[in-house]
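Understanding the architecture of this molecule
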Amino acid sequence: SQQGEEDPQALSIQEGENATMNCSYKTSINNLQWYRQNSGRGLVHLILIRSNEREKHSGRLRVTLDTSKKSSSLLITASRAADTASYFCGTDSGGYQKVTFGIGTKLQVIP
Amino acid sequence: EPEVTQTPSHQVTQMGQEVILRCVPISNHLYFYWYRQILGQKVEFLVSFYNNEISEKSEIFDDQFSVERPDGSNFTLKIRSTKLEDSAMYFCASSEAGYQETQYFGPGTRLLVL
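In short, a report on the structure.

Reading guide: rules and limits
Residues numbered from 1 in each chain as written. Chains lettered and ligands numbered in written order. Predicted model: local features only at pLDDT ≥ 70, side-chain atom pairs only at ≥ 80, totals over all residues. Heavy atoms only, no water. Pairing = 2+ DSSP bridges. Helix = DSSP H or I, 4+ residues; strand = E, 2+ residues; numbered from the N terminus. Axes fitted to C-alpha atoms, helices over the stretch in contact; angles between N-to-C directions. Buried < 20%, exposed > 50% of the residue type's maximum accessible area, 1.4 Å probe, protein only. Contact = heavy atoms within 4.5 Å. Salt bridge = Lys/Arg side-chain N within 4 Å of Asp/Glu carboxyl O. Polar contact = N/O pair within 3.5 Å; in protein donor to acceptor, adjacent residues only side chain to side chain. Nonpolar A, V, L, I, M, F, W, Y, C, P; charged D, E, K, R; others polar. Disulfide = S-S within 2.5 Å. Patch = residues over 30% accessible without salt bridge, like charges linked within 9 Å, V, L, I, M, F, W, Y side chains within 5 Å. Areas by Shrake-Rupley, 256 points an atom, 1.4 Å probe, with all protein chains shown as cover.

1. Structural notes on the sheet that holds strand 7 (residues 65-68) of chain B
All names here are of chain B. The strand order 1-3-8-7 describes an open sheet built from four strands, whose pairing is antiparallel. Pairing within the sheet leaves two strands with one partner each, and these edge strands are strand 1 (5-7) and strand 7. The average undirected angle you get between the axes of adjacent strands in this sheet is 20°. Relative to strand 8 (residues 75-79), strand 7 is paired through four bridges, and the arrangement is antiparallel. Residue pairing for strand 8: E68 is matched across the bridge by T76.

Take a look at the structure:
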(Lines give C-alpha, C1' and ligand atoms only; values in the text may rest on other atoms or scores of the structure.)
Protein backbone atom coordinates (compact mmCIF):
# COMPACT_ATOMS: atom_id res chain seq x y z
CA SER A 1 0.00 0.00 0.00
CA GLN A 2 1.08 3.54 -0.62
CA GLN A 3 1.76 5.73 2.40
CA GLY A 4 2.29 9.44 2.46
CA GLU A 5 1.03 10.44 -0.99
CA GLU A 6 1.30 14.19 -1.50
CA ASP A 7 -1.02 16.33 -3.50
CA PRO A 8 -0.62 18.33 -5.64
CA GLN A 9 2.56 17.01 -7.24
CA ALA A 10 3.50 20.51 -8.34
CA LEU A 11 2.42 23.93 -7.15
CA SER A 12 3.42 27.35 -8.43
CA ILE A 13 2.48 30.51 -6.53
CA GLN A 14 3.48 34.15 -6.26
CA GLU A 15 5.63 35.33 -3.40
CA GLY A 16 3.45 36.41 -0.49
CA GLU A 17 0.70 33.91 -1.23
CA ASN A 18 -0.06 30.92 0.95
CA ALA A 19 0.81 27.41 -0.17
CA THR A 20 -1.14 24.35 0.92
CA MET A 21 0.08 20.83 0.36
CA ASN A 22 -1.79 17.70 1.29
CA CYS A 23 -0.72 14.22 2.25
CA SER A 24 -2.83 11.08 2.44
CA TYR A 25 -1.94 7.73 3.85
CA LYS A 26 -3.57 4.34 4.10
CA THR A 27 -2.66 2.63 7.36
CA SER A 28 -2.82 3.96 10.91
CA ILE A 29 0.24 5.90 11.99
CA ASN A 30 2.22 6.87 15.07
CA ASN A 31 3.49 10.14 13.65
CA LEU A 32 3.55 12.14 10.48
CA GLN A 33 6.56 14.28 9.61
CA TRP A 34 6.97 16.95 6.98
CA TYR A 35 10.34 17.51 5.34
CA ARG A 36 11.69 19.95 2.78
CA GLN A 37 14.25 19.09 0.14
CA ASN A 38 16.01 21.65 -1.98
CA SER A 39 17.04 20.34 -5.38
CA GLY A 40 19.70 17.66 -5.05
CA ARG A 41 20.13 18.25 -1.34
CA GLY A 42 19.23 16.50 1.91
CA LEU A 43 15.93 16.39 3.73
CA VAL A 44 15.33 19.13 6.25
CA HIS A 45 12.89 18.27 9.02
CA LEU A 46 10.05 20.78 9.39
CA ILE A 47 7.44 19.44 11.78
CA LEU A 48 6.45 16.17 13.45
CA ILE A 49 2.82 15.73 14.41
CA ARG A 50 1.75 12.79 16.53
CA SER A 51 -1.37 10.76 15.87
CA ASN A 52 -3.12 12.24 18.92
CA GLU A 53 -2.46 15.82 17.79
CA ARG A 54 -4.64 17.78 15.39
CA GLU A 55 -2.65 20.88 14.63
CA LYS A 56 0.85 22.21 15.04
CA HIS A 57 2.55 25.48 14.21
CA SER A 58 6.14 26.45 13.63
CA GLY A 59 6.78 29.98 12.41
CA ARG A 60 5.04 30.33 9.04
CA LEU A 61 4.20 26.63 8.94
CA ARG A 62 0.94 25.10 10.04
CA VAL A 63 0.33 21.36 9.94
CA THR A 64 -3.00 19.67 10.49
CA LEU A 65 -3.72 16.00 10.91
CA ASP A 66 -7.07 14.30 10.43
CA THR A 67 -6.70 10.67 11.40
CA SER A 68 -10.30 9.89 10.50
CA LYS A 69 -9.58 10.91 6.91
CA LYS A 70 -5.99 9.67 7.06
CA SER A 71 -4.75 12.98 5.78
CA SER A 72 -2.51 15.89 6.71
CA SER A 73 -1.92 19.31 5.29
CA LEU A 74 1.03 21.66 5.37
CA LEU A 75 0.30 25.35 5.04
CA ILE A 76 3.10 27.81 4.37
CA THR A 77 1.90 31.36 4.91
CA ALA A 78 3.35 34.45 3.25
CA SER A 79 5.56 32.37 1.00
CA ARG A 80 9.04 33.50 -0.02
CA ALA A 81 11.19 32.61 -3.01
CA ALA A 82 13.43 30.69 -0.59
CA ASP A 83 10.52 28.32 0.14
CA THR A 84 10.95 26.90 -3.37
CA ALA A 85 11.66 23.22 -2.76
CA SER A 86 10.06 19.79 -2.72
CA TYR A 87 8.00 18.95 0.35
CA PHE A 88 7.50 15.41 1.58
CA CYS A 89 5.38 13.84 4.22
CA GLY A 90 6.66 10.73 5.93
CA THR A 91 4.78 8.37 8.18
CA ASP A 92 5.79 5.74 10.66
CA SER A 93 3.41 3.11 11.93
CA GLY A 94 3.16 0.15 14.22
CA GLY A 95 6.32 -0.67 16.09
CA TYR A 96 8.47 0.19 13.12
CA GLN A 97 11.12 2.87 12.97
CA LYS A 98 11.18 3.36 9.23
CA VAL A 99 9.62 6.45 7.75
CA THR A 100 7.68 5.91 4.54
CA PHE A 101 7.70 8.85 2.16
CA GLY A 102 5.51 9.97 -0.70
CA ILE A 103 6.67 11.34 -4.03
CA GLY A 104 6.48 14.92 -2.75
CA THR A 105 5.03 18.24 -3.82
CA LYS A 106 7.32 20.45 -5.85
CA LEU A 107 6.64 24.03 -4.78
CA GLN A 108 7.78 26.98 -6.85
CA VAL A 109 7.45 30.45 -5.36
CA ILE A 110 7.80 33.13 -8.00
CA PRO A 111 9.36 36.40 -6.80
CA GLU B 1 22.82 23.16 15.97
CA PRO B 2 24.07 19.57 15.76
CA GLU B 3 23.64 17.92 12.40
CA VAL B 4 24.22 14.63 10.62
CA THR B 5 27.20 14.71 8.28
CA GLN B 6 28.00 12.40 5.40
CA THR B 7 31.09 11.72 3.31
CA PRO B 8 31.78 11.74 0.48
CA SER B 9 29.23 14.08 -1.05
CA HIS B 10 29.71 12.39 -4.43
CA GLN B 11 31.09 8.98 -5.35
CA VAL B 12 31.60 7.55 -8.81
CA THR B 13 32.42 3.86 -9.07
CA GLN B 14 32.58 1.07 -11.60
CA MET B 15 29.98 -1.69 -11.56
CA GLY B 16 31.11 -4.56 -9.36
CA GLN B 17 33.25 -2.39 -7.10
CA GLU B 18 32.69 -2.05 -3.37
CA VAL B 19 31.79 1.32 -1.90
CA ILE B 20 31.58 2.52 1.67
CA LEU B 21 29.45 5.50 2.51
CA ARG B 22 30.14 7.21 5.79
CA CYS B 23 27.96 9.08 8.22
CA VAL B 24 28.46 10.81 11.53
CA PRO B 25 25.11 10.87 13.34
CA ILE B 26 24.17 13.46 15.93
CA SER B 27 26.20 12.65 19.00
CA ASN B 28 23.51 11.80 21.56
CA HIS B 29 21.36 9.87 19.12
CA LEU B 30 20.94 6.14 19.52
CA TYR B 31 19.10 5.11 16.35
CA PHE B 32 20.63 5.29 12.90
CA TYR B 33 19.16 4.82 9.47
CA TRP B 34 20.00 4.65 5.81
CA TYR B 35 17.61 5.70 3.08
CA ARG B 36 18.10 6.10 -0.63
CA GLN B 37 16.47 8.17 -3.34
CA ILE B 38 16.78 7.17 -6.96
CA LEU B 39 16.59 10.25 -9.18
CA GLY B 40 13.03 11.47 -9.47
CA GLN B 41 11.65 8.84 -7.13
CA LYS B 42 10.61 8.54 -3.49
CA VAL B 43 12.97 8.40 -0.57
CA GLU B 44 13.07 4.71 0.38
CA PHE B 45 14.00 3.16 3.71
CA LEU B 46 16.91 0.73 3.68
CA VAL B 47 17.80 -0.15 7.25
CA SER B 48 17.66 0.94 10.87
CA PHE B 49 20.34 0.21 13.44
CA TYR B 50 20.28 0.29 17.21
CA ASN B 51 22.53 -1.07 19.93
CA ASN B 52 25.01 -2.36 17.37
CA GLU B 53 22.56 -4.43 15.42
CA ILE B 54 20.07 -4.08 12.62
CA SER B 55 16.59 -3.52 14.03
CA GLU B 56 14.69 -3.34 10.77
CA LYS B 57 15.50 -3.63 7.08
CA SER B 58 13.64 -3.36 3.82
CA GLU B 59 13.51 -5.73 0.87
CA ILE B 60 16.02 -3.50 -0.88
CA PHE B 61 18.62 -4.20 1.80
CA ASP B 62 19.82 -7.53 0.47
CA ASP B 63 23.06 -9.41 1.02
CA GLN B 64 25.12 -6.93 -0.94
CA PHE B 65 24.46 -4.28 1.69
CA SER B 66 25.87 -4.13 5.19
CA VAL B 67 26.03 -1.53 7.94
CA GLU B 68 28.50 -1.02 10.72
CA ARG B 69 29.26 1.32 13.56
CA PRO B 70 33.01 0.86 13.64
CA ASP B 71 33.59 3.34 16.46
CA GLY B 72 31.67 5.68 18.72
CA SER B 73 30.91 8.23 16.04
CA ASN B 74 30.78 6.75 12.54
CA PHE B 75 28.03 4.76 10.89
CA THR B 76 28.77 3.18 7.52
CA LEU B 77 26.88 1.61 4.66
CA LYS B 78 28.83 -0.81 2.50
CA ILE B 79 27.67 -1.96 -0.89
CA ARG B 80 29.72 -5.03 -1.71
CA SER B 81 29.39 -5.30 -5.48
CA THR B 82 27.69 -2.28 -6.95
CA LYS B 83 25.15 -2.50 -9.74
CA LEU B 84 23.99 0.18 -12.13
CA GLU B 85 20.67 0.35 -10.32
CA ASP B 86 22.43 1.27 -7.07
CA SER B 87 22.97 4.74 -8.49
CA ALA B 88 21.06 7.01 -6.15
CA MET B 89 21.36 9.56 -3.40
CA TYR B 90 21.98 7.82 -0.09
CA PHE B 91 20.85 9.54 3.08
CA CYS B 92 21.89 8.75 6.61
CA ALA B 93 19.56 9.75 9.43
CA SER B 94 19.59 9.53 13.18
CA SER B 95 17.10 9.93 16.01
CA GLU B 96 17.34 10.22 19.75
CA ALA B 97 14.97 7.33 20.31
CA GLY B 98 13.18 4.84 18.12
CA TYR B 99 9.79 5.21 16.58
CA GLN B 100 7.72 8.27 17.31
CA GLU B 101 10.80 10.44 17.18
CA THR B 102 12.06 12.92 14.63
CA GLN B 103 14.65 11.54 12.26
CA TYR B 104 17.31 14.04 11.23
CA PHE B 105 18.80 13.54 7.82
CA GLY B 106 22.26 14.20 6.50
CA PRO B 107 22.95 16.00 3.20
CA GLY B 108 23.38 12.74 1.31
CA THR B 109 25.98 10.99 -0.82
CA ARG B 110 25.29 10.91 -4.52
CA LEU B 111 26.47 7.54 -5.83
CA LEU B 112 26.91 6.99 -9.53
CA VAL B 113 27.68 3.47 -10.74
CA LEU B 114 29.09 3.25 -14.26
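2. Let's talk about the pairing of strand 4 (residues 31-37) of chain A
Regular strands place their side chains on alternate faces of the sheet. Residue and element names in this part refer to chain A. Burial analysis of strand 4 places six of its seven residues in the buried class, the great majority of the element. Alignment of strand 4 against strand 5 (residues 43-50), held across seven bridges, turns out to be antiparallel. When the bridges of strand 5 are listed, L32 appears paired with I49. Remark: five residues form the turn of the hairpin made by strand 4 and strand 5, two consecutive strands paired antiparallel; G40 in that turn has positive phi of roughly 70°.

3. A few points about the interface of chain A and chain B
Each side of the interface is counted separately: chain A has 25 residues, and chain B has 24 residues. There are one salt bridge connecting chain A and chain B. The closest approach of N and O atoms between R50 of chain A and E101 of chain B, which form a salt bridge, is 4.0 Å. Here chain A is connected to chain B by four residue pairs in polar contact (both at pLDDT 80 or more). Among the elements of the structure, strand 4, strand 5 and strand 9 (85-92) of chain A are those that each provide at least two residues to the side of chain A that touches chain B. Residues of the side of chain A that touches chain B, tallied by class, amount to eight nonpolar, 12 polar and five charged.

4. Considering the pattern of salt bridges
Counting across every chain of the model gives five salt bridges over all chains. A salt bridge links E53 of chain A to K56 of chain A; the nearest nitrogen and oxygen atoms lie 3.8 Å apart. The partner of R36 of chain B in a salt bridge is E44 of chain B, and the shortest N-O contact between them spans 3.3 Å.

5. Topic: the state of the cysteines
All names here are of chain A. Taken as a whole and assessed by the stated rule, the structure comprises two disulfides over all chains. A sulfur-sulfur separation of 1.9 Å characterises the disulfide bridge that pairs C23 with C89. The disulfide joining C23 to C89 has a torsion of about 65° about its S-S bond and is therefore right-handed. Remark: C89 occurs in strand 9 and C23 occurs in strand 3 (residues 19-24); sequence separation between them is 66 residues. For the pair formed by C23 and C89, the shared burial category is buried.

6. So, a nonpolar patch on the surface
All names here are of chain B. A cluster of nonpolar residues, V12, L112 and L114, forms a patch on the protein surface that exposes about 270 Å² of accessible area. If you trace the backbone, L114 turns up in the segment after strand 11 (109-113). By relative accessible area, L114 is classed as partly exposed at 47%.

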